[in-house]
Amino acid sequence: YITLAGKKRDKIVKIPRTRVSFSESVTVHADEDLGDLLMITLEKEGRSFLPEFGWYCEYVKVSNVKTGKECVFAVFNWVLRNKPVSVIESSARKSFEGTKELEELQEQLRQGIVQELHEGSPDAVKNTNPVFRDLHEEMKFVDLKKVFDYVNYLEGIPKPANFTPAFKLPKTLQYSLKKLVGYGSAAAYTASLETMKKIRNLGRTWTRLDDFERIFWHPTTVADYIYRHWKTDELFATLFLNGCNPILIKRCTELPQAFSALKDEKLDSGNSLSAEIENNRAYVADYSILEGIKPNVLDGQQQHVAAPICILYEDPTKGLTPVAIKIGRAPDDLVFRPKDGLAWLLAKLWVRNSEFYFHELSSHLLRTHLLAEVFATAGYRCLPYTHPVGKIMFPHGRYTLASCMNARNNFLNKNGFIDKYTGVGGGGQFDLLVKAFKLVTYDSLCLPDDLENRGVKDLKNYYYKEDGMQLWNAINEFVNNFVDLVYKNDGEVKKDSNLQDWVNEIFHYGFLEREASGMPSSLESKSAFKKYLTMVLFMCSAQHAAMNNGQFDIYAWVPNSPTTMRKPPPKYTEDVTEEFIMQTLPEINVASRLMVTMYLTSYPGDDFVKLGDYPEHTFVEPEMKRCIEQFKKKLREIDENIKVRNKMLCSLDKLPYNYMEPSQIENSIAM
C-alpha cells in the first residue's frame with residue numbers, strides 16, 4: 001500500500017494494498033484534498049514464514065483531479081516485506097533549494113533509510129501530530145554513512161565499499177535475476193567447453209605453437225583476425241593503439257640509454273632513429289612499473305616477470321612500426337630487433353605478457369572499477385536521490401558495487417584468477433596495484449589532457465583516440481547543458497554542500513588525499529564542475545568499455561597475450577627455438593582458463609543498458625528531458641560513423657575497433 005503525505009495540516013491518507021504483477025501499472029484513488037504532496041511511502045505486508053517476493057517500483061505519478069497538477073515520485077527501488085520506502089517529489093533540487101518542509105524531509109531521507117515500521121496497526125491514520133513528528137514516530141532511521149561506508153582493503157589504493165559478499169548489498173544495488181541467470185548460463189557454457197577441450201587434449205603433446213588451436217574456441221571476427229596476424233609487426237604495433245590497453249604508449253622525447261647504439265641507424269623511412277625523435281615521430285611503451293614485482297609460483301614451478309621497453313616510430317607508409325625491444329633492465333641484457341627471427345617473436349610475447357598485467361590491474365581494474373566504486377559510494381552517502389547530480393550519477397553506478405566486489409573475490413584475491421593463473425599472483429598483484437595508483441592523476445583520467453601529456457594527439461589510425469574524443473565531446477556537451485540548467489553561476493556550485501561533500505569524499509577515500517594527483521577536493525566554478533562530471537561519466541561508461549569489451553577478442557588467442565612466462569628471457573638469440581617458446585608460454589590448463597575468464601569478463605549480459613539511456617522518470621523537467629534526447633541523438637550519429645569506418649577496415653582486412661561504439665557501451669560498470 002501507499003501513503004501520501006500532504007501539506008495540509010497533519011493528515012496522512014493511506015491507500016489500501018493492491019495486487020501488482022510484472023510490468024503492470026496500477027491506479028489508486030484518494031478522495032481527499034491533501035494539498036501539495038511532500039512525500040509518499042510504499043509498504044508491503046507479508047507473512048514472515050513465507051518466502052520474500054519483492055516489488056520493484058519504478059515510479060509513482062500522482063494527479064490532482066481538480067487542478068490537473070501532476071507530481072512524479074521516482075522510486076526505482078525494491079519494496080520488501082515490512083521495509084517501507086519513502087521518497088519525496090522528484091523535481092531536481094540542490095542542497096540550498098526547496099521549501100522548509102522539503103528541506104527537512106530531504107535531510108531526513110538523506111541521513112537515513114527506513115529500517116522498520118514502528119509497532120502498531122499499519123492501517124491507522126494519525127491525525128494528532130504534525131507530519132514530521134509522525135515521520136519520526138512511524139519510522140526508525142539508520143545513518144546512511146554507516147550503511148555505505150569504506151573499508152581498508154589494501155593500504156595505498158582507493159578504499160572500497162563495506163559490503164562483502166555482494167549479496168549483503170541493499171537489494172536495489174544487487175544484480176537483477178535476469179542478469180544473474182544470463183551470466184550463469186554463460187559460465188556454464190564456457191565451463192563445459194573448457195572441460196571438453198581438456199578431455200580431448202589428455203595425453204597429447206604440447207610442443208608447437210599451432211597446438212594452441214586445439215583450445216581456440218568460439219572465435220569472434222577480431223579474435224580470428226588476431227589468430228591469423230599475431231606474428232606480424234603491424235598487428236603488434238596496432239594493439240598499442242587499438243587493443244585493450246591503448247593508454248600506455250607515449251611520445252619518445254629522448255632515446256633511452258639501452259638503445260643508444262641504435263641512434264644513428266637508418267630506418268625504413270630513410271631517417272635515423274634520432275631524426276625520428278626530433279621529428280616527434282618516435283614512441284615508447286615502457287613497463288618499468290613491473291620492476292621488482294615478485295613473480296608467482298604455479299603448480300610448484302617458478303614463473304618469471306620482466307619490465308620490457310619497446311621503441312616504435314611512425315613510418316610514412318607502414319604506420320606505427322616497432323624498432324627494438326629490451327626485455328630486461330640490466331646493462332648486458334639483449335636488445336632484440338625485427339631481424340632476429342624467433343627471438344624477435346619471443347621478445348614481442350614478453351611485451352604482450354607485460355601488457356596483460358598492466359592492462360588488467362592498472363588500466364582496467366584500478367582506473368575504472370575501483371575509482372568508479374568510490375564515485376558511486378560517495379554518491380550514495382552524499383547525494384540525495386532528488387539532487388540533480390545524484391539523478392545523473394546513480395544510473396552510471398548501476399551494479400558497480402556488485403561488479404567491484406565480484407572482481408575482488410573472483411579476480412584479485414587469494415585463489416582468484418590473478419593468483420592462480422598469472423605470473424604476478426601470490427602477492428605481486430597487490431604490489432603492482434599500489435605502484436600503479438601512485439601514477440594516477442586527474443589529468444590522466446581526462447582524455448584530452450591525457451592525449452596531450454602523452455604526446456599522441458597526432459598519431460594516425462589511433463581509433464581509441466578518435467572515438468574517445470568524439471564520446472568525450474558528446475558527454476561534455478551533455479554535461480555543459482545540464483550544469484547550465486542546474487547552476488546559475490559559480491557561487492551556486494560553491495554553496496551546494498551535497499556536491500562539495502561528494503567531491504571531497506572522492507578526494508579523501510578515492511585518492512587518499514594525495515594532492516600530487518591533482519584531483520580536486522572542492523569545486524569553485526561551473527567550468528571546473530563541467531570538466532569533473534565529464535570525467536566521471538566518461539570513465540564509468542566509455543573508458544570502461546575501451547578497457548573491458550575487447551578482452552576476449554584480444555586475449556582469446558593465448559600466444560598473443562600470455563598470462564605468465566615459465567622460463568626467463570633468453571641470454572642469446574640463437575637459443576630461441578619453437579620448443580623454447582612453447583616451454584615459456586602458459587601450459588594448457590592456464591591457457592584454457594584465460595579463454596574462459598576473458599569470455600565472461602567481456603560478456604555484456606542480458607540486462608544491458610547502453611550509454612545515454614536514463615530511466616524514463618529520472619528527470620521530470622522538460623529541459624532535462626530535451627538534453628537527454630539531444631545526447632542520445634548525438635550518440636546515434638557517432639555510432640553510425642564508427643560502424644561505417646569499421647566496415648571499411650574489415651573490407652581492407654584491417655583490425656576494426658568497435659569497443660567505443662555507443663551502442664556497445666554500457667551506461668555503468670556492470671560486469
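Everything in this summary refers to the structure shown in the same document. Here the structure is a predicted model, which means the values were calculated and not measured.

We now examine the sheet that holds strand S14 (residues 319–326). The pairing of strands in a sheet comes from backbone hydrogen bonds and takes either a parallel or an antiparallel form. Taken together, the five strands give an open sheet; going across it, the order is S9-S10-S13-S14-S15, and neighbouring strands pair in antiparallel fashion. A strand with exactly one partner marks an edge of an open sheet, and here the two such strands are strand S9 (250–251) and strand S15 (335–336). In this sheet, strand S13 (residues 309–315) lies alongside strand S10 (residues 282–286) in antiparallel orientation, the contact comprising five bridges. Residue pairing for S13: Val 284 is matched across the bridge by Ile 311. In the packing of helix H8 (residues 342–382) onto the sheet, contacts are made with S14 and S15, and the angle to S14 comes to roughly 95 degrees.

With that out of the way, let us pick up the pairing of strand S1 (residues 2–6). The element S1 is largely enclosed, with a buried count of five among its five residues. The alternating pattern of S1 places Ile 2, Leu 4 and Gly 6 on one face and Thr 3 and Ala 5 on the opposite face, and all of these are buried. Alignment of S1 against strand S3 (residues 37–42), held across five bridges, turns out to be antiparallel. In the strand pairing of S3, Ala 5 is matched with Met 39.

Before going further, it helps to examine the packing of helix H6 (residues 233–242) against H8. For the pair H6 and H8, interaxial distance at closest approach is 12 Å and the crossing angle is 20 degrees. Between H6 and H8, the interaxial angle falls into the category roughly parallel. Two packed elements cross with a definite hand, and for H6 against H8 that hand is left-handed. Side by side, H6 and H8 meet where Asp 233, Phe 236, Leu 239 and Phe 240 of the first sit next to Trp 344, Lys 348, Val 351, Arg 352 and Glu 355 of the second.

With that out of the way, let us pick up the side chain of Asp 607. Looking at where Asp 607 falls in the secondary structure, it is placed in the loop between helix H21 (588–602) and helix H22 (622–651). The class of Asp 607 is buried, set by a relative accessible area of 14%. Reaching out from Asp 607, the side chain makes a polar contact with the side chain of Ser 176 at a distance of 2.6 Å. There is a polar contact of 2.5 Å between the side chain of Asp 607 and the side chain of Tyr 399. When sequence neighbours within four positions are dropped, the list of residues in contact with Asp 607 reads Ser 176, Lys 179, Arg 398, Tyr 399 and Glu 666.

On to the packing of helix H9 (residues 388–396) against helix H15 (residues 463–486), then. Between H9 and H15, the shortest axis-to-axis distance is 10 Å and the interhelical angle comes to 155 degrees. The angle between H9 and H15 falls in the class roughly antiparallel. Between H9 and H15, the residues in contact are Pro 388, Val 389 and Ile 392 and Phe 478, Phe 482 and Val 486, respectively. Of the residues contributing to the contact of H9 with H15, the split by class is six nonpolar, no polar and no charged.

Here Glu 452 shows up in helix H14 (residues 447–454). It is 9.7 Å that separates the C-alpha atoms of Glu 452 and Lys 250, two residues lying 202 residues apart in sequence.

Let's shift gears to the pairing of S10. Of all five residues making up S10, four are buried, and the element is well covered by its neighbours. The pairing of S9 with S10 spans two bridges and is antiparallel. Pairing of Lys 250 across the sheet is with Val 284, part of S10.

A few words on the packing of aromatic side chains. In total, this model carries 28 aromatic pairs according to the counting rule given. For the ring pair Tyr 462 and Tyr 464, a centre distance of 6.1 Å and an interplane angle of 40 degrees mean the geometry is tilted. For the pair Tyr 462 and Tyr 464, one class covers both residues: buried. Ring geometry for Tyr 599 against Tyr 603: centres 6.4 Å apart, planes inclined by 25 degrees, an arrangement best described as stacked. Assigned by exposure class, Tyr 599 and Tyr 603 land together as buried. An aromatic cluster of at least three residues, connected via ring pairs, comprises Trp 206, Phe 212, Phe 216, Tyr 227, Trp 230 and Trp 557. Above the face of the Tyr 153 ring, Arg 408 is positioned so that its terminal group lies 5.7 Å from the ring centre.

Criteria and cut-off values
For every chain, the first residue of the written sequence is number 1, and numbering continues from 1 onward in sequence order. Reporting of local features is limited, given that this is a predicted model, to residues whose pLDDT is at least 70; pairs of side-chain atoms are given and counted only at 80 or more, and all residues count toward the totals for whole chains, interfaces and linings. As a rule here, side-chain values come from all non-hydrogen atoms in the structure, and water together with hydrogens is ignored. Strand pairing follows a simple DSSP-based rule, namely that at least 2 bridges must link the two strands. To qualify as a helix, a DSSP run of H or I must reach at least 4 residues; to qualify as a strand, a run of E must reach at least 2; elements of each kind are numbered from the N terminus. Any two residues whose heavy atoms approach within 4.5 Å at even a single point are treated as in contact. Between N-to-C directions, angles cover 0 to 180 degrees, with each direction set by a line fitted to C-alpha atoms, over the stretch in contact for helices. Type-normalised accessible area, obtained with a 1.4 Å probe on protein chains alone, sets the label of each residue: buried when under 20%, exposed when over 50%, and partly exposed for intermediate values. In this scheme, roughly parallel covers angles under 35 degrees and roughly antiparallel covers those over 145, while 65 to 115 is roughly perpendicular and the rest are oblique. Handedness of a crossing is defined here by the sense of rotation of the near helix relative to the far one, left-handed for an anticlockwise turn of less than a right angle and right-handed for a clockwise turn. By the criterion applied in these results, polar contacts are pairs of N or O atoms within 3.5 Å in which, for protein atoms, one can donate a hydrogen and the other can accept it, and in which residues neighboring in sequence qualify only through two side-chain atoms. Three residue categories are used. Nonpolar comprises Ala, Val, Leu, Ile, Met, Phe, Trp, Tyr, Cys and Pro, charged comprises Asp, Glu, Lys and Arg, and polar comprises the others, including Gly. For Phe, Tyr and Trp, where Trp contributes only its six-membered ring, two rings pair if their centres lie within 6.5 Å, and the inter-plane angle classes them as stacked under 30 degrees, edge-to-face over 60, or tilted in between. Only Lys NZ and Arg CZ are tested; either one counts as a charge over a ring when it is within 6 Å of the ring centre and within 35 degrees of the ring normal.

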